[in-house]
Amino acid sequence: MIEKLLGRLIALVEWWAVSLLAGLAVVVCLGVFFRYVLNASLVWYDEFASYMLVWLTFFGTVVAAYHQRHIGFELVVDKLAPRTRRVVDFVGEAAVLGFQFVLFYYGWILTERMGDETAISLPWVKSAWVFSVMPITGGLMLLISLTRLAGILSRRPNAREAHGTWSGSSSE
């Protein structure tokens with residue numbers, strides 16, 4: 001049940017990332033149009049586009065983590081005996097969980113400390129809003145890793161074991 005809810009949540013995150021990508025394309029096109037066609041640069045578009053790119057990167061990382069599409073050593077790990085593979089998977093996921101905790105915890109602290117600071121060219125945008133992406137995505141990835149660790153401990157196969165390894169093809 002938790003895995004089903006997490007899957008639905010990740011689907012929403014994926015749509016949010018797609019929306020960020022579309023918004024980023026619109027903002028950059030507006031910036032180019034205003035600069036080169038109207039010869040009147042928008043002072044805010046570069047900073048806003050940078051923030052959108054950061055958010056897109058973090059939320060895209062959540063989706064990639066859920067689908068296990070980050071860099072790994074599948075070629076080596078998949079040749080291990082099942083019990084050894086499970087231990088290696090557990091140790092690797094525990095290390096990832098540690099990083100995600102750091103991202104969540106210190107992202108939370110940074111977001112609180114930024115408080116009422118504002119962006120340079122966008123005085124209505126609080127820096128805390130921009131930095132909130134770290135604890136949000138860190139928390140989401142914590143949930144993903146905790147679910148994956150629970151699956152490893154309960155001996156349920158993960159997606160890679162259940163469906164075979166990814167061949168590296170972009171069409172999968």
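Residues numbered from 1 in each chain as written. Predicted model: local features only at pLDDT ≥ 70, side-chain atom pairs only at ≥ 80, totals over all residues. Heavy atoms only, no water.

A. Molecular detail of the overall build of the protein chain. A tally of helices and strands in the protein chain yields 7 helices and 0 strands. Reading the helices (α) and strands (β) of the protein chain from amino to carboxyl end gives α-α-α-α-α-α-α. Whereas a compact globule of 172 residues would reach a radius of gyration of roughly 16 Å, the protein chain reaches 20 Å, over 25% beyond that. Buried residues in the protein chain amount to 32% of all 172 residues. Long-range contacts, defined as pairs at least 24 residues apart, comprise 74% of the intrachain contacts of the protein chain with a sequence gap of at least 6. Charge centroids of the protein chain, computed over 14 positive and 13 negative side chains, lie 9 Å from each other. (Helix = DSSP H or I, 4+ residues; strand = E, 2+ residues; numbered from the N terminus. Rg over C-alpha atoms; globule rule 2.2 N^0.38 Å. Buried < 20%, exposed > 50% of the residue type's maximum accessible area, 1.4 Å probe, protein only. Contact = heavy atoms within 4.5 Å. Lys, Arg positive; Asp, Glu negative; His and termini not counted. Charge placed at Lys NZ, Arg CZ, Asp CG, Glu CD.)

B. The side chain of serine 132, seen in detail. Relative to the helices and strands, serine 132 resides in the loop between helix H5 (127–131) and helix H6 (133–153). Classification of serine 132 as buried rests on a relative accessible area of 16%. If near-sequence neighbours (up to four positions away) are discounted, serine 132 is found in contact with Trp55 and Thr111.

C. Geometry of the packing of aromatic side chains. According to the stated counting rule, one finds 8 aromatic pairs in the structure shown. An angle of 70 degrees between the planes, with centres 6.4 Å apart, marks the rings of tryptophan 16 and tryptophan 55 as edge-to-face. With a gap of 39 residues between them, tryptophan 16 in helix H1 (residues 2–37) and tryptophan 55 in helix H2 (residues 45–66) connect regions that are remote in the sequence. A relative accessible area of 18% means that tryptophan 55 is categorised as buried. Ring geometry for tryptophan 16 versus phenylalanine 59: centroids 6.4 Å apart, planes at 90 degrees, classification edge-to-face. With tryptophan 16 in helix H1 and phenylalanine 59 in helix H2, this pair connects stretches of sequence that are 43 residues apart. By relative accessible area, tryptophan 16 is classed as partly exposed at 40%. Overall, the relative accessible area of 6% leaves phenylalanine 59 in the buried class. A connected cluster of aromatic rings, assembled from ring pairs, spans Trp16, Trp55 and Phe59. (Phe/Tyr/Trp six-rings, centres within 6.5 Å; stacked < 30°, edge-to-face > 60°.)

D. Seen up close, the layout of surface pockets. The calculated volume of the second largest pocket comes to roughly 210 Å³. For the lining of the second largest pocket, the secondary-structure elements that each account for two or more residues are H1, H2 and H5. Per-element accounting of the lining of the second largest pocket gives the leading share, 4 residues, to H2. Broken down by class, the residue content of the lining of the second largest pocket amounts to 10 nonpolar, no polar and no charged. (1 Å grid on protein atoms, 1.4 Å probe; cavity = no way out; pocket = protein on both sides within 12 Å on 5 of 7 lines; lining within 4 Å. Points joined across faces, edges and corners; volume = space filled by probe spheres on them. Nonpolar A, V, L, I, M, F, W, Y, C, P; charged D, E, K, R; others polar.)

E. Quick look at the confidence of the model for the protein chain. When pLDDT is averaged along the protein chain, the result is 88, and 90% of the positions lie at 70 or above. No element of the protein chain has a lower mean pLDDT than helix H7 (residues 159–163), at 49, and none a higher one than H2, at 95. In this model residues 162–166 is a low-confidence stretch, pLDDT under 50, and it forms 7 contacts with partners more than four residues away in sequence or in other chains. (pLDDT = per-residue confidence, 0-100.)

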